[in-house]
Amino acid sequence: MAKNFLTPAETAQAFIGVGNYKVSMPVAKIVVSSFLAGAYIAFAAQLMTTVTHDMVGYFGVGFSSFIGGCVFGIALVLVLVAGSDLFTGNCLLSMGWLNKSLTTNQVLNNWTIVYAGNFIGSLFLVWMMYTSGIWDGHGSQIGAQAVSIAYKKTHLGFWEAFTRGMGCNWLVCLAVVIVAAGQDTMGKILGAWFPVMAFIASGFEHCVANMFIIPAGLVAKLNPAIADVVMSAHPTWDLNSLNLYSFLVNNLIPVTLGNIFSGAVLVGGIYWYLYVKDAKLA
């Protein structure tokens, strides 16, 4: 009977070849591929916003977070099974760097291009959602949910955002490992879904998801009807504090750093140490 999965050691070795392929792609293809990943993550974030916008009053915070994680799980299925380049997953290029098959410049160049492409794809979805009028749905409550999620994310402390970023990409990169190990489509789908569900339900932070979620809140709050719904639910909030500075400084920078640390070190570095360093393939 054919084996339908790779062992952890075989998977780790496979990542070395994957890294070599990723850094050798033409820049134009990396940009397009990373644009798709940003859009795929944004689709999932918008789905989560729409599905959960009125759930808390009926089911409570915990179950609503679980359902949000369940529907957001489509994100990594699209990225890894349909195929595209996601910055957080590409943090695993650290394995090739540690193995000396990739240079520092190759890794940093790839991360920079993919990060920018993910951002462009995310912002393209912000434009789509704004133009679609979806945020006006259910008495502007969908848009109000987008603003509320963004507001809470931009009011985290640095270490709160950093450690939530660590928790997120630890799980995301483990999902990448599981998908790489799976040798059939359904195994890959389940492998992508469970860890992503766990990171959303836990309240962790993903830099690419936030490239959509927070700009969506920034744009949606400009609609007076949406802003009124937000303020009626949260009269003590200052929506002026949800701005570009709080997006970049309070959230995106520390979350990105946390994502890099857990992806490159806690998964990439440790898996390289356990299964690639000093390993001899049969």
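No experiment lies behind these values; they were computed from the predicted model shown. (Residues numbered from 1 in each chain as written. Predicted model: local features only at pLDDT ≥ 70, side-chain atom pairs only at ≥ 80, totals over all residues. Heavy atoms only, no water.)

**Focus: the overall build of the protein chain**
Per the secondary structure count, the protein chain includes 13 helices and zero strands. Walking the protein chain from its N terminus toward its C terminus, one meets helices and strands in the order α-α-α-α-α-α-α-α-α-α-α-α-α. A globule of 282 residues ought to have a C-alpha radius of gyration of about 19 Å, and the protein chain, at 19 Å, matches this closely. When its C-alpha atoms are laid out on the principal axes, the protein chain stretches across 65 × 40 × 35 Å. Within the protein chain, one finds 11 positive and 10 negative side-chain charges whose respective centroids are separated by 13 Å. (Helix = DSSP H or I, 4+ residues; strand = E, 2+ residues; numbered from the N terminus. Rg over C-alpha atoms; globule rule 2.2 N^0.38 Å. Lys, Arg positive; Asp, Glu negative; His and termini not counted. Charge placed at Lys NZ, Arg CZ, Asp CG, Glu CD.)

**A few points about the nonpolar core**
Core analysis: the largest hydrophobic core is formed by 68 residues, its most contacted members being Ile41, Phe72, Leu76, Phe87, Trp135 and Phe212. No other element matches helix 11 (residues 207–220), which puts 10 residues into this core. (Core = buried A, V, L, I, M, F, W, Y, C linked by side-chain atoms within 4.5 Å. Buried < 20%, exposed > 50% of the residue type's maximum accessible area, 1.4 Å probe, protein only.)

**Things to note about helix 1 (residues 8–24)**
The terminal C-alpha atoms of helix 1 lie 25 Å apart, and with 17 residues this matches the ideal 24 Å at 1.5 Å per residue to within 8%. Buried within helix 1 we find Thr11, Ala12, Gln13, Phe15, Ile16, Gly19, Lys22 and Val23. On its buried face, helix 1 is in contact with helix 2 (27–52), helix 5 (87–90), helix 6 (94–98), helix 7 (104–132), helix 9 (158–181) and helix 13 (244–275). (Expected span 1.5 Å × (residues − 1). Contact = heavy atoms within 4.5 Å.)

**Describing the packing of aromatic side chains**
This model, assessed by the stated rule, comprises 16 aromatic pairs. Ring geometry for Phe119 and Phe247: centres 6.2 Å apart, planes at 90°, overall edge-to-face. On the criterion of sequence distance, the pair formed by Phe119 in helix 7 and Phe247 in helix 13 is long-range, its members being 128 residues apart. Taking 6.3 Å as the distance between ring centres and 10° as the angle between the ring planes, the aromatic pair formed by Phe158 and Phe162 counts as stacked. Taken together, the positions of Phe158 and Phe162, both in helix 9 and four residues apart, correspond to about one turn of that helix. Here the aromatic residues Tyr58, Phe59, Phe63 and Phe66 are joined through ring pairs into a cluster of three or more. (Phe/Tyr/Trp six-rings, centres within 6.5 Å; stacked < 30°, edge-to-face > 60°.)

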